[in-house]
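Below, each chain spelled out in residue letters.
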There are 2 protein chains.
Amino acid sequence: MSIKPVIVVHGGAWAIPDSLAEGSVQGVRLAAGAGYRLLKAGGSAVDAVEAAVRSMEDNPVFDAGVGSVLNADGEVEMDAVIMDGRDLRSGAVGCVQNIKNPISLARAVMEKTDHTLIVGKGANKFAEEVGAVTLPTEELVTETARREWEQLMKYHTTVTTLFGARSDVQKEPDPVVQGHDTVGAVVLDAQGNIAFGTSTGGITAKRPGRIGDSPIIGAGGYADNAGGGVSTTGHGESIAKVCLAKHITHLMEGGMDPQTASETALTFMFKRVQGSGGVVVLNNCGNIGKHFTTERMAWAWIKDGVLHYGLNPGDDFNDPNI
Amino acid sequence: MSIKPVIVVHGGAWAIPDSLAEGSVQGVRLAAGAGYRLLKAGGSAVDAVEAAVRSMEDNPVFDAGVGSVLNADGEVEMDAVIMDGRDLRSGAVGCVQNIKNPISLARAVMEKTDHTLIVGKGANKFAEEVGAVTLPTEELVTETARREWEQLMKYHTTVTTLFGARSDVQKEPDPVVQGHDTVGAVVLDAQGNIAFGTSTGGITAKRPGRIGDSPIIGAGGYADNAGGGVSTTGHGESIAKVCLAKHITHLMEGGMDPQTASETALTFMFKRVQGSGGVVVLNNCGNIGKHFTTERMAWAWIKDGVLHYGLNPGDDFNDPNI
C-alpha cells in the first residue's frame, strides 16, 4: 500500500490583527501548496518542509526571513531548525543575521556538519562557507515591522520610567504587546518519512542574543518516524520549559491521536507555566492535529489533493482544486 | 515527615585519562560536599546546584569555566543552564566568553529576564549589565587544554588533507578524538524541590558558535518536582536529538525508578542515534540513578550524610564522614 503524502503548515499563533488576516491565510495556503507539489513529484519530507518554510520566509507577512521583527538594538536575529524523522538528524541556526532563508542554512548544518545548532557570528561564518544567500537588514525588515519596533521601544522606555525597573537589569516589555511569531511545517512523504521545520524572527524588541523555542529540538518541533512530527509556535519561553513538541510525540507514542495530543499538551502548558501557543502535528499514519490557545493561528494542510485552512477558532475551510 | 536532602553530581562522561582520574574524583567529591553543606544549612535546591557547579567550574580539571577547552578558532565559548523544578523557571547562556562562572550567569538569566536562553555577544552584553565576574581567556584555559587544541588542529589539517574534504565545507574532526565534557548537578532539597544545573566548555576544536545539548532544557537536563531531575553529559548532538533528559523524566513519570530510567534511556540513545553519554538522576522521593555508556564518568552523591562516589563502571566507594 502506497502512503498518501500529507503536509500541514502554520504561520504563527498570536493575536493576528485584521490587517494581516487575509495575507496570513493566503500565505499558509501558498506554502502548503509549494510543499505538496514537491511531494506529488516524489520529493522527500525534508525537501517539502524546506520548500514550504522558504515560501513563508520569502513572504513579508510572516515574522521569518523577509518580514522578521527587530530586536531591542534594532537588528534582526533569526532562528530556524529542520529535522529528519528517519534518523533524527537535525540542524539549526540561532541568532543568525542577514540570511534570506534561515531554514536552508539549518539544512546545511544538518547535512554538512557534525553539529545540530550553530549560533551567532559562528552561524554567519558557516553561512559564508556554504555560500548562503544574504540580504541587508533593510531588505529583511518591512516598514510595518520598523514602525512596530519604534512604538515598542517608546513603550519600553515608558514602562521603565513609570515602574522604576532597576537600571542595571533591563526587563523586557510585556509579552502581550509583542507582536508576531513563527512559521513551520510538518510533512509525511510517500516513503513514510516524517520531517519538520520551524523558522522565526522572534519577538519585537527581544533582548539581543535571545533564543526562544524555535531552533530547539523538542521545543520548536520534533520529527521521529516512530512517533510523528510537530511544529510549535507561541510564547517561546513557555514552549521551551515544557519541551512542548517532545511532549506531544510522547503522547502519540502512547497511542493518543494527534488532535487529542495537541489539545492535551497545550492545556498542560497553560496550567504548568501559563503560556499560550499553537501546534501543527502529524502521526505516522498521516492523521493531523492542529490546535491553538492564542486568539488566532493561520494554518493549512493538504491531503488527497484537498486543501484545508483556517485562522479563527473553529474555522475549517476547504478547497478541493489543489 | 521532613524530606532528606540529596545531591548528585557528575564531572563528565568520556574516556577520562589516568592523568585526570584522581583529580576528577576529588573534584566531584568536593562539589557534592559544597552543595550538601548548603542544603544542611537550609539552602534551596537552586542554591545547592549553583554551589556544586561553581565548584567544578572553578576546578581546572573539568571542562567548564576555568579548564574549558578551545574551539577551532582558539577561543573559549561556554554554555550553562539552571532550572527550578517548582515552576520550571530556567535560564541558560550559550557561547558566552570570558565568564568565570557561567552557571551563575544562567541563574541571572532565569531570575532577571523573561528569557530562557541568551547566546553569543548578547549573553556577554547581559553579563556586563549584571556585573558578572570575567576572566581573560588565558586564565580560563589550562596548559593541557592548549596543547590538546594544538594537537587536534594539526590532526584536523591532516584529516582534511588525507581524505580530501571539500574545502568549502569544513568538517569537524572525529568526535572520538575530542576530549573533555560537561559538569552537572541535581538536587532535592528539604522542601521537596528539585533543581538541576549543567555547565560546559564544549568539545575541543568545535566549530565557533556550536551549541550541543548542555544549555538546552530537556537535553542537557530537566527538573520538574512532578517528575524528577536529570543532568546529562556525553555526545551533545546525540543527547539533543533524543531529548535525553526529558525522555528520562517521562519514564519516571510513568513509574520507572531512576536507575532503570537512566539505563533504558541511554540504551535507547545508543540504538537510535549511536551516541554515548552519562546521566545523574533523582526522583522526587530522593532515589538516585546514575549510568554511563562511555568508558568513565566521575560521579558523587550524598544522602543521610554519607558520600558515594566512583569513576569506572561498577565503582561504588563511600565515605560516611561528610
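Our subject is the structure listed above.
Because the structure is a prediction, the values reported are computed rather than measured. (Residues numbered from 1 in each chain as written. Chains lettered and ligands numbered in written order. Predicted model: local features only at pLDDT ≥ 70, side-chain atom pairs only at ≥ 80, totals over all residues. Heavy atoms only, no water.)

Draft legend 1. Looking closely at the overall build of chain A. A tally of regular secondary structure across chain A gives nine helices and 13 strands. Its C-alpha atoms give chain A a radius of gyration of 18 Å, within 12% of the compact-globule value 20 Å for 322 residues. The dimensions of chain A, computed from C-alpha atoms along their principal axes, are 65 × 45 × 35 Å. Going through the 322 residues of chain A one by one, you find that 65% of them count as buried. When contacts within chain A are restricted to residue pairs at least 6 apart in sequence, those whose partners lie at least 24 apart make up 66%. (Helix = DSSP H or I, 4+ residues; strand = E, 2+ residues; numbered from the N terminus. Rg over C-alpha atoms; globule rule 2.2 N^0.38 Å. Buried < 20%, exposed > 50% of the residue type's maximum accessible area, 1.4 Å probe, protein only. Contact = heavy atoms within 4.5 Å.)

Draft legend 2. Spotlight on the pairing of strand S12 (residues 306-310) of chain A. Residue and element names in this part refer to chain A. The buried count for S12 comes to four of five residues, which makes it a mostly enclosed element. Relative to S12, strand S11 (residues 296-303) runs antiparallel, the two being bridged by five bridges. Counterpart to Trp299 in the pairing with S12 is Gly310. Counted along the chain from S11 to the antiparallel partner S12, the turn is two residues long, and its residue Asp304 has a positive phi close to 55 degrees. One ladder, built from three bridges, connects S12 with strand S13 (residues 317-319); its direction is antiparallel. If you follow Tyr309 over to S13, its bridge partner there is Phe317. In sequence, S12 turns back onto S13 through a hairpin of six residues, with Gly314 there showing a positive phi of about 90 degrees. (Pairing = 2+ DSSP bridges.)

Draft legend 3. Spatial organisation of the packing of helix H8 (residues 244-253) of chain B against helix H9 (residues 258-273) of chain B. Residue and element names in this part refer to chain B. Contact geometry of H8 with H9 gives a least axis separation of 9 Å together with a crossing angle of 135 degrees. Accordingly, the angle class assigned to the pair H8 and H9 is oblique. Helix-helix and strand crossings are classified by hand; for H8 and H9 the assignment is right-handed. Two secondary-structure elements touch here, H8 through Leu244, His247, Ile248, Leu251 and Met252 and H9 through Pro258, Ala261, Ser262, Thr264, Ala265, Leu266, Phe268 and Met269. A class-by-class count of the residues in the contact of H8 with H9 yields ten nonpolar, three polar and no charged. (Axes fitted to C-alpha atoms, helices over the stretch in contact; angles between N-to-C directions. Parallel < 35°, antiparallel > 145°, perpendicular 65-115°, else oblique. Left-handed = near helix turned anticlockwise from the far one by under 90°. Nonpolar A, V, L, I, M, F, W, Y, C, P; charged D, E, K, R; others polar.)

Draft legend 4. Just the sheet that holds strand S7 (residues 221-224) of chain A, in detail. Residue and element names in this part refer to chain A. Judged by pairing direction, the sheet is antiparallel, and its four strands sit side by side in the order S7-S8-S9-S10 without closing on themselves. Lying at the two open borders of the sheet, with one neighbouring strand each, are S7 and strand S10 (288-292). Ignoring which end each strand starts from, the neighbouring axes of this sheet average 5 degrees apart. Sheet topology note: the strand S8 (residues 228-234)/strand S9 (residues 277-282) ladder contains six bridges and is antiparallel. Looking across to S9, one finds that Gly229 is bridged to Leu282.

Draft legend 5. Main features of the interface of chain B and chain A. Each side of the interface is counted separately: chain B has 55 residues, and chain A has 55 residues. Taking both partners together, chain B and chain A bury about 4,500 Å²; carbon and sulfur atoms supply 52% of that area. The three residues of chain B that bury the most area against chain A are B:His115, B:Lys241 and B:Arg272, which together make up 14% of that side's buried surface. Linking chain B with chain A are six salt bridges, by the criterion used here. Where B:Asp73 meets A:Lys125, a salt bridge forms, and the shortest distance between an N and an O atom there is 3.0 Å. (Buried area = accessible area lost by both parts, 1.4 Å probe. Salt bridge = Lys/Arg side-chain N within 4 Å of Asp/Glu carboxyl O.)

Draft legend 6. Focus on the sheet that holds strand S2 (residues 78-84) of chain B. All names here are of chain B. Strand order across the open sheet formed by nine strands is S4-S3-S2-S6-S5-S1-S11-S12-S13, with mixed pairing between neighbours. Sheet topology places strand S4 (117-119) and strand S13 (317-319) at the edges, where each strand pairs with a single neighbour. Here the strands of the sheet are splayed against their neighbours by 10 degrees on average, with no regard to which way each runs. For strand S5 (residues 183-188) and strand S6 (residues 194-200), the ladder comprises six bridges, and the chain directions are antiparallel. In the sheet register, Ala185 faces S6, and the bridge partner there is Gly197. On top of the sheet, helix H4 (residues 120-130) reaches strand S3 (89-96) and S4; it is set at about 105 degrees to S4, its chief contact.

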